[in-house]
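Close look at the chain arrangement
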Amino acid sequence: MQRFVARRVLSETNSLRLPQRCFFSQLAQKEESSLSEHETFLPRMPPFDYSPPPYDGPSADEILAKRKTFLSPSLFHLYSKPLNVVDGKMQYLFDENGRRYLDAFGGIATVCCGHCHPDVVDSIVNQIKRIQHSTVLYLNHAIADFAEALASKMPGNLKVVFFTNSGTEANELAIMMARLYTGCNDIISLRNAYHGNAAGTMGATAQSNWKFNVVQTGVHHALNPDPYRGVFGADGEMYAKDVQDLIDFGTSGHVAGFLSESIQGVGGIIELAPGYLPAVYKSIKKAGGLCIADEVQAGFARTGSHFWGFEAHGVVPDIVTMAKGIGNGIPLGAVVTTPEIAEVLTRRNYFNTFGGNPVCTAAGHAVLKVIQKDKLQNNAHVVGSYLKEKLTALKDKYGIIGDVRGRGFLLGVEFVTDRQLKTPAKAETLYIMDKMKEMGVLVGKGGFYGNVFRITPPLCFTKEDADYLVDVMDYSMSKM
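Now for a quick tour of the structure.

Reading guide: rules and limits
- Residues numbered from 1 in each chain as written.
- Predicted model: local features only at pLDDT ≥ 70, side-chain atom pairs only at ≥ 80, totals over all residues.
- Heavy atoms only, no water.
- Helix = DSSP H or I, 4+ residues; strand = E, 2+ residues; numbered from the N terminus.
- Rg over C-alpha atoms; globule rule 2.2 N^0.38 Å.
- Buried < 20%, exposed > 50% of the residue type's maximum accessible area, 1.4 Å probe, protein only.
- Contact = heavy atoms within 4.5 Å.
- Areas by Shrake-Rupley, 256 points an atom, 1.4 Å probe, with all protein chains shown as cover.
- Lys, Arg positive; Asp, Glu negative; His and termini not counted.
- Charge placed at Lys NZ, Arg CZ, Asp CG, Glu CD.
- Pairing = 2+ DSSP bridges.
- 1 Å grid on protein atoms, 1.4 Å probe; cavity = no way out; pocket = protein on both sides within 12 Å on 5 of 7 lines; lining within 4 Å.
- Points joined across faces, edges and corners; volume = space filled by probe spheres on them.
- Nonpolar A, V, L, I, M, F, W, Y, C, P; charged D, E, K, R; others polar.
- Axes fitted to C-alpha atoms, helices over the stretch in contact; angles between N-to-C directions.
- Parallel < 35°, antiparallel > 145°, perpendicular 65-115°, else oblique.
- Left-handed = near helix turned anticlockwise from the far one by under 90°.
- Core = buried A, V, L, I, M, F, W, Y, C linked by side-chain atoms within 4.5 Å.
- Patch = residues over 30% accessible without salt bridge, like charges linked within 9 Å, V, L, I, M, F, W, Y side chains within 5 Å.
- Salt bridge = Lys/Arg side-chain N within 4 Å of Asp/Glu carboxyl O.

1. A look at the overall build of the protein
The secondary structure content of the protein amounts to 13 helices and 20 strands. For 480 residues, the compact-globule formula gives about 23 Å, and the C-alpha radius of gyration of the protein, at 23 Å, lands near that figure. Projected onto its principal axes, the C-alpha positions of the protein cover 75 × 60 × 45 Å. Counting every position in the protein, which comprises 480 residues, the buried fraction comes to 54%. Intrachain contacts of the protein at a sequence separation of at least 6 include 73% that bridge at least 24 residues. Roughly 21,500 Å² of accessible area belongs to the protein as shown, and the carbon and sulfur atoms make up 53% of that amount. In the protein, the 48 positive side-chain charges and the 48 negative ones have mean positions that sit 1 Å from each other.

2. Let's talk about the pairing of strand E13 (residues 319-322)
Judged by which residues are buried, E13 turns out to be covered on both faces: Ile-319 and Thr-321 on one side and Val-320 and Met-322 on the other are all buried. Sheet analysis places strand E12 (residues 290-294) next to E13, joined by three bridges and oriented parallel. The partner of Asp-294 across the bridge, within E13, is Thr-321. Pairing geometry for E13 and strand E14 (residues 333-337), over four bridges, is antiparallel. Counted as the bridge partner of Thr-321 is Val-335 from E14.

3. Describing empty space enclosed by the protein
In this structure the tally under the stated criterion is one cavity of 30 Å³ or more. What the largest cavity holds in volume is close to 30 Å³. Of the residues contributing to the lining of the largest cavity, the split by class is three nonpolar, three polar and one charged.

4. Overview of the sheet that holds strand E4 (residues 92-95)
Pairing is mixed in the open sheet, where four strands are placed in the order E3-E4-E5-E18. What marks the edges here is a single partner per strand, and that holds for strand E3 (85-89) and strand E18 (441-442). The pairing of strand E5 (residues 100-103) with E18 spans two bridges and is classified as parallel. Counted as the bridge partner of Leu-102 is Val-441 from E18.

5. A few points about the packing of helix H3 (residues 118-130) against helix H10 (residues 358-373)
Interhelical geometry of H3 versus H10 gives an angle of 155° and a closest axis separation of 8 Å. Taken as axis vectors, H3 and H10 run roughly antiparallel relative to one another. Seen along the crossing, H3 lies across H10 with a hand that is right-handed. Note on element contacts: H10 touches H3 through Pro-358, Val-359, Ala-362, Ala-363, Ala-366, Val-367, Val-370 and Lys-373, opposite Asp-119, Val-120, Ser-123, Ile-124, Gln-127 and Ile-128. Classifying every residue of the contact of H3 with H10 gives 10 nonpolar, two polar and two charged.

6. Describing the nonpolar core
Of all hydrophobic cores here, the largest spans 99 residues; its most connected members are Leu-150, Tyr-276, Leu-469 and Met-473. Discounting chain neighbours no more than four positions away, the residues touching Leu-469 are Leu-102, Ala-104, Leu-387, Leu-391, Met-436, Val-441, Val-443, Ile-455 and Phe-461. In terms of nonpolar packing, the next biggest core, distinct from the first, is built from 20 residues, Leu-173, Ile-292, Ile-319 and Ala-342 among them.

7. Looking at a nonpolar patch on the surface
A cluster of nonpolar residues, Val-136, Leu-137, Tyr-138 and Phe-351, forms a patch on the protein surface that exposes about 460 Å² of accessible area. By the secondary structure assignment, Phe-351 is in the loop between helix H9 (339-342) and H10.

8. With respect to the sheet that holds E14
A sheet is described by the order of its strands in space; here seven strands give the open sequence E6-E14-E13-E12-E9-E7-E8, paired in mixed fashion. Two strands lie at the open edges of the sheet, namely strand E6 (160-164) and strand E8 (219-222), each paired on one side alone. This sheet shows a mean twist of 20° between the axes of neighbouring strands, independent of strand direction. Bridge analysis of strand E7 (residues 187-190) against strand E9 (residues 257-261) gives two bridges, and the strand direction is parallel. Bridge pairing in E9 links Ile-188 to Phe-258. Of the strands in this sheet, E6, E13 and E14 are in contact with helix H4 (residues 141-151), which crosses E6 at around 125°. The strands touched by helix H7 (residues 236-250) are E7 and E8; relative to E8, the strand with the most contacts, the crossing angle is about 145°.

9. Side note on the environment of Met-45
Its location among the elements puts Met-45 in the loop between strand E2 (41-43) and helix H1 (60-70). Linking Met-45 and Val-472, residues 427 residues apart in sequence, is a C-alpha distance of 9.5 Å.

10. Structural notes on the pattern of salt bridges
Under the definition given, this model contains 10 salt bridges. With a closest N to O distance of 2.7 Å, Glu-414 and Arg-229 form a salt bridge. Of this pair, Glu-414 sits in strand E16 (residues 410-418) while Arg-229 sits in the loop between E8 and H7, placing them 185 residues apart in sequence. Residue Lys-390 is joined to Asp-467 by a salt bridge in which the shortest nitrogen-to-oxygen separation is 3.8 Å. Placement of Lys-390 in helix H11 (residues 376-397) and of Asp-467 in helix H13 (residues 463-478) is noted, with a sequence separation of 77 residues between them. With a relative accessible area of 15%, Lys-390 lands in the buried category. Each of Arg-229, Asp-403, Arg-405 and Glu-414 takes part in salt bridges that share partners, so that together they form one network.

See below:
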């Protein structure tokens with residue numbers, strides 16, 4: 001019973017008045033009779049031995065006013081009342097009033113080791129005290145050490161690393177390399193994919209929400225092998241035939257490459273249908289193309305069962321792109337490929353001013369060490385599987401949950417108003433998100449219709465955290 005508290009206020013806040021009675025799925029029925037008529041059982045946030053220093057900066061309202069005046073009007077925020085985050089420690093965030101929140105979004109699948117993990121912070125501070133930036137035209141051990149460590153995590157002959165500043169840059173570079181290496185222009189990607197917001201990557205992206213009306217050429221979008229909403233259900237080989245059709249009837253018969261995420265992140269945590277990637281890779285190879293794995297969200301042990309998402313499909317790509325979790329929040333991305341493919345960039349000068357910056361690569365190297373030292377891949381697998389089971393149990397309880405999917409700490413919960421028609425529950429998703437935030441739990445939102453919870457916490461998330469998240473979600477849905 002330590003996870004629940006009978007009181008009229010939420011854990012760590014007294015700002016909300018709640019209804020008289022509520023029972024959670026994990027509350028034993030025998031305890032129901034012992035409750036007073038006016039008691040409310042509320043989940044209790046797990047204890048955590050950290051208190052942030054007092055905050056004396058501008059308020060949320062002041063920051064919001066500055067954003068509206070000085071920053072791009074394209075910026076948007078989550079929640080009806082924006083959250084002002086001023087401090088973070090491991091799997092928790094703190095607002096301007098010192099209130100603690102359980103972070104189940106991880107800065108959009110970016111914080112893998114935990115907010116302000118001491119080992120990562122120390123590596124950054126120690127490096128920045130010596131030299132913050134020089135240029136790759138000079139030698140520095142930080143970039144070389146990290147490249148060696150990163151290459152050691154890759155299968156096959158994937159051992160040449162190019163550093164960038166983001167996932168968009170990494171995917172842009174990978175597309176260009178595939179076109180240079182093959183001498184072909186045609187790229188095949190998936191509908192519902194998201195690969196970035198620059199010229200080439202916006203072309204590979206296939207959601208109208210993220211595409212501006214500018215010239216985007218040379219990309220064909222295949223049917224999405226979505227087991228939940230896709231036309232062929234979970235039959236991966238049937239979807240793969242569409243890729244072969246695109247090659248046969250939409251190209252010269254030769255292509256530059258195929259680009260895909262192993263689990264679509266922005267698209268709503270969509271796992272590719274079983275058997276899809278091996279069949280597609282075979283078709284792409286036959287057409288002379290390269291296979292590019294976008295591991296921006298699924299990489300760095302987030303899926304738990306494997307270090308890289310593509311490994312779960314039994315394939316080895318020709319090029320792998322990565323970002324987000326690579327630096328635990330530091331702006332850093334990378335492209336890893338074979339020595340033969342890497343040679344194409346010697347045909348002209350290729351240079352990235354900040355790619356391989358000593359501070360960023362020192363942080364990246366520390367991330368790899370922390371993942372191993374803290375056994376974060378195993379934790380993502382064990383706790384992620386536990387969390388998925390509990391979310392699936394909620395699906396059995398609430399008809400509004402249409403699907404629970406994903407691996408490790410890359411999980412999605414899709415909300416629908418009708419399970420048969422799979423009608424997106426957009427307004428209800430926002431309501432539940434706001435309710436959970438009021439109770440101290442932060443989740444992300446995605447999918448084309450904006451009706452999917454993206455649950456991508458730091459990999460140090462515990463079973464107690466998982467219990468709290470599910471109990472808060474249970475309570476929030478019970479009040480709809």
